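Here are the chains, one letter per residue:
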4 protein chains.
Amino acid sequence: SFKLAWGCNGDKSAQHKHEIVSFERGNITTAERSSKQILLKWESQPQTVLILTKPNSKSVRSLCVEMVRWLKEEKRIDIFVEPRVKIELLTESSNFSFVHSWENDDEIKLLHTKVDLVVTLGGDGTVLWAASMFKGPVPPFIPFSLGSLGFMTPFQSENYREYLDTILKGPISITLRHRLQCHVIRDSAKDDQDMEEPILVLNEVTIDRGISAYLTYLECYCDNSFVTCVQGDGLIISTTSGSTAYSLAAGGSMVHPQVPGILFTPICPHSLSFRPLILPEYVTLRVQVPFNSRGQAWASFDGKDRMQLAPGDALLCSMAPWPVPTACQVDSTNDFLRSIHEGLHWNLRKTQSFDGPRD
Amino acid sequence: SFKLAWGCNGDKSAQHKHEIVSFERGNITTAERSSKQILLKWESQPQTVLILTKPNSKSVRSLCVEMVRWLKEEKRIDIFVEPRVKIELLTESSNFSFVHSWENDDEIKLLHTKVDLVVTLGGDGTVLWAASMFKGPVPPFIPFSLGSLGFMTPFQSENYREYLDTILKGPISITLRHRLQCHVIRDSAKDDQDMEEPILVLNEVTIDRGISAYLTYLECYCDNSFVTCVQGDGLIISTTSGSTAYSLAAGGSMVHPQVPGILFTPICPHSLSFRPLILPEYVTLRVQVPFNSRGQAWASFDGKDRMQLAPGDALLCSMAPWPVPTACQVDSTNDFLRSIHEGLHWNLRKTQSFDGPRD
Amino acid sequence: SFKLAWGCNGDKSAQHKHEIVSFERGNITTAERSSKQILLKWESQPQTVLILTKPNSKSVRSLCVEMVRWLKEEKRIDIFVEPRVKIELLTESSNFSFVHSWENDDEIKLLHTKVDLVVTLGGDGTVLWAASMFKGPVPPFIPFSLGSLGFMTPFQSENYREYLDTILKGPISITLRHRLQCHVIRDSAKDDQDMEEPILVLNEVTIDRGISAYLTYLECYCDNSFVTCVQGDGLIISTTSGSTAYSLAAGGSMVHPQVPGILFTPICPHSLSFRPLILPEYVTLRVQVPFNSRGQAWASFDGKDRMQLAPGDALLCSMAPWPVPTACQVDSTNDFLRSIHEGLHWNLRKTQSFDGPRD
Amino acid sequence: SFKLAWGCNGDKSAQHKHEIVSFERGNITTAERSSKQILLKWESQPQTVLILTKPNSKSVRSLCVEMVRWLKEEKRIDIFVEPRVKIELLTESSNFSFVHSWENDDEIKLLHTKVDLVVTLGGDGTVLWAASMFKGPVPPFIPFSLGSLGFMTPFQSENYREYLDTILKGPISITLRHRLQCHVIRDSAKDDQDMEEPILVLNEVTIDRGISAYLTYLECYCDNSFVTCVQGDGLIISTTSGSTAYSLAAGGSMVHPQVPGILFTPICPHSLSFRPLILPEYVTLRVQVPFNSRGQAWASFDGKDRMQLAPGDALLCSMAPWPVPTACQVDSTNDFLRSIHEGLHWNLRKTQSFDGPRD
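Here is what the cut-offs are and how they apply
Residues numbered from 1 in each chain as written. Chains lettered and ligands numbered in written order. Predicted model: local features only at pLDDT ≥ 70, side-chain atom pairs only at ≥ 80, totals over all residues. Heavy atoms only, no water. Least-squares fit on C-alpha atoms with pLDDT ≥ 70 in both. Contact = heavy atoms within 4.5 Å. Buried area = accessible area lost by both parts, 1.4 Å probe. Salt bridge = Lys/Arg side-chain N within 4 Å of Asp/Glu carboxyl O. Polar contact = N/O pair within 3.5 Å; in protein donor to acceptor, adjacent residues only side chain to side chain. Nonpolar A, V, L, I, M, F, W, Y, C, P; charged D, E, K, R; others polar. Helix = DSSP H or I, 4+ residues; strand = E, 2+ residues; numbered from the N terminus. Buried < 20%, exposed > 50% of the residue type's maximum accessible area, 1.4 Å probe, protein only. Pairing = 2+ DSSP bridges. Axes fitted to C-alpha atoms, helices over the stretch in contact; angles between N-to-C directions. Parallel < 35°, antiparallel > 145°, perpendicular 65-115°, else oblique. Left-handed = near helix turned anticlockwise from the far one by under 90°.

Caption draft 1: Representation of the relation of the copies chain B and chain D. Mapping chain B onto chain D calls for a rotation angle of 180 degrees and an axial translation of 0.0 Å; the resulting RMSD is 0.0 Å. The transformation just described matches what one would write down for a two-fold rotation axis. Taking C-alpha positions as the reference, the residue of chain B nearest the rotation axis is G210 of chain B, at 2.8 Å.

Structure, rendered in C-alpha cells:
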C-alpha cells in the first residue's frame, strides 16, 4: 500500500514537510485511489502540535488543559493554540507560558510550516472550522470527539493518551478529504474579474433562496457545457466528505470519502425528475444567477458566511489542490461504515419476528 | 364521537349483528371520517369468539390452549377454531370437546353470522390471512402479537386477560381498515366477462415482472381515464393500511389507516418523474397488460397467490364494501404512531451533540 | 351522484345561498367522498359575478375589460371587481360605471353574500390570493388561465364565452378544495390564549429556518399525541390541493384533491428515516418551537406573510370548515390527471427503442 | 491531456496493441481521472474492424450491408462479423466472401488480438452484449444507434461515413467504462473454492428474490468489514456506467461514468433508512445468502443469465482490470449530459408562467 512521507525539521524544510501536498494533484489522488488505504509515515518524529478547540465548553476546556500538560511533559511536544485558548490556559496556571500562539492573520498563513499535527477537540463543526484556517497545505488532523463520534471525528477523547501515543509513532491510516475552492464573481458580464482568494469548503457550498418568496433560478454549467437550471429552494455542491451532511438531507447518496467526485444535489427542486448528480473531481462548475432573476440568492460555505448573490453574479467551484488528511481510527472504510451506522442509523431495522405470508 | 352498535343474538338476527357493515359504504366511511375515533358498543354481551392462529409455533399453540380455557371457564364464551387447531386442542386434552370448528368451505362463508369477535394470535401475516377468510361482513378483530407489536397487532399477548376483559365489556375503539376487491379479467377484449368472485386484499395487490428480463408495460386507467403506463419492475395498488408494507419499501408515503384513499405506487419505475400517487377511495382502477407485451406479468395478493397475467389480461380494482374493524389498544392515531416509531424507527435520530457551525 | 344547491336571491337569503357550507363539516366532506363527482346545481340563475385578476399584466387587463362587457351586455350579470380594477375599467371607458366594488375591509367580509360566482384571471397564484379574501363561506370559483393551465386553473381564457355560458346554466362539476386554518400562539406556556382570527391556507403552511445557520427543532403533536421532532430545514403542513406544490418539491406524494387528508412533509430532514406522513383531515396538529431553541423559525402561509416564531411559540393547524369549490373543466379526476401530466410531466418517458437484453 | 496509444500490426504485436490495458489498473485509472478527457491516438492506421449487430432488425441488417461495403471499398478495412451475420451477408451477395468470422469459442477469446476497433449497431443492449464477448482486453467501441441515442450509443447511424472517417484518423475522445467482475461461490463455507472464470458486467449485477414470497436477507461485506443486511426485493451492485440503468430505477444517483466508484443500491428495502451508497472502486464486495435463509435469491448479470443462489452461496464482486473504451461523440461530459437530458428527461420542467405569490 501507498506511503506518504511527512515530517518536520523546522521552518527551513517547509517544502519537504508537505510532501504529499506539494505533488501535483493528479498524483496525490492517484495514490489515494489505487490503494486500499493510504498510510502516512513520519520521516522524523513530530515535534509540534496545534490544538484547536470548540469554545464555550467546560469539558473541552478541561480536556485541553490535561492534554497540553501530557503532551509537553510526557512527550516533549511543542504546543500551539489559539490566542483565546492561550489566555484560558494562563488563567489556569502560569506554568502554561510555554504554549505558543499567534498574533495576527499573517502568522496563521504560516501555521502549516510550523506544526506537524493538528488535534481538534469538539465535533465535526470544529473540524470544519479548523480546516478553514488552512488555505494552503494542511497538516494531518487528529479529530477527537467529546460526545458521540462524528463523521470526521473517529477518536474518543477518553482514550487520548493511547491514541496519541500510537499516532506520534506512526504510521497513520489517513483519509484524504478533498475540498472545494469557490470564487464568487460579481457582475459576471464585466470584463475585469479580479479573482479574490478562494473560499475553501470541506463539506459543501450551498446557494439558496433564503427567505425570498420566489424560487431560485440558477443556471449551471460544467466545464462550459450547460448542465441545467435549478428552480427550487437551491443547490448544494458537495464533496464526498459532505455527502453525509446537508446533501444527504436533500436526498443525495452517501459516498465514501475516498471516492473522487463532486455531488450536485438540488434542494427541493420544482421538478419531479431532478435526481442528484455526481460529477468527476476534475470539472469546474459555474452557477449563474440570471440578470433577470426576480428572487435573491444566498451562498453559504460549510453552513457559514452567508453572502448575497445579486442578479448577474456567479459562483465558480472546483476541487482545491490541498486536501485535508484526517487520521483514521481503523481505516477509511471502517470509519466511514461506523459513522453511517452510528451517526445516521443507516439501514437500522427492527429485528423482524415477521411471520411472512401465511400458507 | 360516533358509535357503532354490534352484538349477537344468534343466527336469526344476522342482519342486526352486522349493522355497521350492512350500511351503504358511503355511510360507513362517513362515520369513520367525521369523527376522531370510532367506538364500537356491544348491543348484547358477545357470546362467541373465533380464535385464529399462526401455525407451527409452540408459543402460539400454548397461548391458544390457555386462552380457550380461560374464555370458556372464566367468561362462559363459546369458541370457534380452525379444524387443525381443534385437533391440536383435543390432543392436549379431551376436555376441549366443547370447541367448535367447521367442516367445509360453505360453513366458512357463514362464520360471520356465528361469531361476535375474532381473536388472532400471531403477527400481521396472521391478520392478513384471517381477514381473507371473510369475503363479506367482518366481525371485529382483536389481534394479539406474540413478539414485538406489528402494524395491525397492537395487543401484547402477555396481558391478554386484562385486554379481553375490557373488550368483552366494550365499548371498543376500532380502526376500520378498508380492503380492495380485485378481479382478474382474462382476455379483456372478449365480450363475455363472467366475473368470478373478487379477491380481497387488506394490504395490497401487486403486478410485477417476476423473473422476466423485460420491464413491465402496464396501461393504467382510473374510471376509464388514462392514468399512465408503468414501465419498470411493477406496480403496487395499496390500501392505506398497506402503506406501511410493500408500498413503503417502494417509496410510497406513510398514510394513517383512517385516511380514505388508494395508493398507486410504482416499483422501480424506468422514469425519473414517476412519483407515487394517492387516489380517492371511490375510483375503479384498471391495469391492462397490452396485447403486444413482450414480458410476462404476475399478480399477487397480500404477498400471496401469485398468478400469471397474459397479454390482453387486465386487473380491476376498487374499494370493497366490507372493511375489517380492528380493535385499538389506545386509539387509531396513537396505535398508528406507535407502530411507525417502533416498527419502522420512523425519523429515529441520534441525539445530537451537534456543535453547529462554529462562529 | 350528489348535488349541491347554490343560488342567490339577495342578502336576505344569505343562509340559503351557502347551503353547502352551512352544513356541519362532517356532512360536507361526506358528500364529497361518497360520490364520484360533486355537482353544483343553481337554485336560481346566478346574477352577480366577482372578477379577481392578476395585477400588472396587459393581457389580463384587456381580457378583463372584454369579459366585463360581455357578461353585462350578453348575460345581464352584475359585476364586482377590486377597487384597483374598477379604476382601470373607468380609465378605459366611463361606460363601466355600472361595475361594483368595495371601500373597506368590512365590505370584503360580506362579499360572499353578494356574489354568486368568482371568476379569477391569472394563474394558481391568483386563485390562492382570491381564496384568501374569503375567511368564511366561499362562492364557487371559475379559474381562468392566461397561459398554460395550472393545477387549479383548468379553463383556457380564449374560450371564456363557451365556458361561462355553460357554467351560468349549470350544473357544474366542482372540486371541493379543503383549507387549513392556522393559529399562531405566542408564548404558548402562558395561560391567556386570546385566539386571533385564523389564517386560512389553500395549499400549505410551512415552518422553516429561514437564513438561520441552525437546523429547526420543531416538536409536533397530533391531537395531543407526540408525533416527532422535525430537525432539518423545516416542515410543510399541506392540503391535498397543495400536494402538487411545495410538498412535492420536498418529496411528498401527489394526492388527488378529493382525498381528505393532511400532508405532513419535512423539508430536508436531518434523518434518513423521515418519510412523509399523511394524516386524517379530522386531526389538529400543533407545532411547537421549544423554549431552548437556538435557531429561529419562520412561518409562511401559501408562500406569503412570513412571520417569525420565537422560542415558546406554537402553530395550531386543523381543517377549516369552509372549503373552496372550484369548477372543473371535465371532472375532478380528469382535471387532476391533466394537471400532473402537463404541469409536472409526471412519468413522462422517452418512447423506448430499448432493445432489451440481447439473447 | 492524457493520450493513449492504440494500434495494430497483426498478431505478433498483440501486447503492444493493447497498451492501455496492459498497464497496471492503477495507472490506467489515473489517466482517466487526472485529465479532463482521455484521447486515444492510433499508433498505426487501424486495419480491422469487428461489426456486431442487434439481430432480427431489418434496418440494422441493411445498414450492416452498406457499412461493410463502404469500409471495404472506400477504406480498405478488413471486416469481422458474427457467423450469423456472415451468412446473412453471403445471402445478400457472394461478393461478401471477404468478410471474416469465427468458428468456435476459442477464436472469440483471441478476437481482441485481431481487431482494432469494434463497431456496434443497435442500442445499449447491443453494447452490453458486445462487451460481454471480451473477457480480457477490449478494443475501442464505436457504438451506433439506429433510433434515438442511448447512454452508451452516442453516434447516429445516418452519419456513419463522417463519423467513421474521423475516427479512423484519430485521435478519439473516449470514455473508459469500468466493469465489475463477479464470482459466484457455491457453499461458501467449504474449503475448496475453485474459482471459475469471472462474469463481467458493464452495467450491474443484481441479486433479487425473483418470485419468492419472502424478502431477501443478504449479508454484505466490504473488504471483510460488515456493511449491512439487505432485507427487501434485492440489491444492485452497479458501475457508474450502470448508474443510469437499473440502479436509477431503484433510486440511485446518476453518476458520470468517469467517476471511479461502485454503486450499492437496494431494491425496495424493508427499511426507511436504507439510502444508496457509493463505494470506492478498489473494494471487494461479498454478498452472502445466509445458511438459514428462507427465501431464494437469484443473481443476474447485465439483466441476463439468471442463476439461483442457494443458502450458503455467495457472490464476490470487484472492479475488473479491463475497462471498455467507448468512443465519444463530443466528449465524456457532453455525451453524458446529452444522454440524461434526452434519454431520461432529467430535470425537464414546464416553462413556468408561474405568477408567484401575489402581493
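Still to come is the rest of the account.
Caption draft 2: Looking closely at the interface of chain B and chain D. Listed by partner, the interface residues are 18 residues for chain B and 18 residues for chain D. When the two sides are added together, the surface that chain B and chain D hide from each other amounts to roughly 1,500 Å², 68% of it contributed by carbon and sulfur. On the chain B side of the contact with chain D, I211, C268 and L272 of chain B bury the most area, a combined 39% of that side's loss. At the junction of chain B and chain D, the tally comes to 0 salt bridges. Applying the counting criterion to the chain B and chain D interface returns 2 residue pairs in polar contact (both at pLDDT 80 or more). Here the residues of the side of chain B that touches chain D sort into 13 nonpolar, 2 polar and 3 charged.

Caption draft 3: Expanded view of the environment of V227 of chain B. Tracing the chain through its elements places V227 of chain B in strand β13 (residues 225-238). For the pair V227 of chain B and L285 of chain B, spaced 58 residues apart in sequence, the C-alpha to C-alpha distance is 9.3 Å.

Caption draft 4: A look at the environment of G295 of chain C. All names here are of chain C. Along the chain, the position of G295 falls in the loop between β17 (285-288) and β18 (297-301). By relative accessible area, which is 8% here, G295 ends up buried. Linking G295 and I211, residues 84 residues apart in sequence, is a C-alpha distance of 9.5 Å.

Caption draft 5: Structural view of the relation of the copies chain B and chain C. Once chain B has been moved 0.0 Å along the axis and rotated by 180 degrees, it coincides with chain C to within an RMSD of 0.0 Å. Looking at the interface residues of chain B, 100% of them are also at the interface in chain C, so both copies use one shared face.

Caption draft 6: Just the pairing of strand β11 (residues 204-208) of chain B, in detail. Residue and element names in this part refer to chain B. For β11, the buried fraction is high: 5 of the 5 residues fall into the buried class. Burial of β11 is two-sided: the residues E204, T206 and D208 facing one way and the residues V205 and I207 facing the other way are all buried. Note that β11 and β13 share 5 bridges and pair antiparallel. Bridging across to β13, I207 finds its partner in L235. In this structure, β11 lies alongside strand β18 (residues 297-301), joined through 4 bridges in antiparallel fashion. Following the sheet pairing, D208 is matched in β18 by W298.

Caption draft 7: Summary view of the interface of chain B and chain C. Counting from both sides, the interface comprises 59 residues of chain B and, opposite them, 59 residues of chain C. Taking both sides of the interface into account, the surface hidden between chain B and chain C amounts to around 5,000 Å²; carbon and sulfur atoms contribute 54%. Looking only at chain B, the three residues that lose the most surface to chain C are R275, Y282 and W346 of chain B, adding up to 14% of its buried area. Applying the counting rule to chain B against chain C returns 33 residue pairs in polar contact (both at pLDDT 80 or more). Secondary-structure elements contributing two or more residues to the side of chain B that touches chain C are α3 (25-34), β12 (216-222), β13, β14 (254-255), β16 (277-279) and α11 (332-344) of chain B. Residues belonging to the side of chain B that touches chain C are distributed by class as follows: 27 nonpolar, 23 polar and 9 charged. Note that β16 of chain B and strand β14 (residues 254-255) of chain C share 2 bridges and pair parallel. Residue I278 of chain B lies in a different strand from β14 of chain C, and its bridge partner there is V255 of chain C.

Caption draft 8: Seen up close, helix α8 (residues 124-132) of chain C. Residue and element names in this part refer to chain C. Taking burial as the measure, the 9 residues of α8 include 8 buried ones, the bulk of the element. Turning to α8, its buried residues are D124, G125, T126, V127, L128, W129, A130 and A131. Buried residues along α8 sit against β3 (48-53), β5 (117-122), β6 (141-145), β19 (304-309) and β21 (324-327).

Caption draft 9: Quick look at the packing of helix α4 (residues 58-75) of chain A against helix α8 (residues 160-169) of chain A. Residue and element names in this part refer to chain A. Relative orientation of the contacting elements α4 and α8 amounts to 45 degrees, with a least axis distance of 12 Å. Relative to α8, α4 is oriented oblique. The two elements α4 and α8 cross, and the hand of that crossing is right-handed. Packed against α4, whose contacting residues are L63, E66, M67, W70, L71 and K75, the element α8 presents Y160, R161, L164, D165 and L168 at the interface. Classifying every residue of the contact of α4 with α8 by side-chain character gives 7 nonpolar, no polar and 4 charged.

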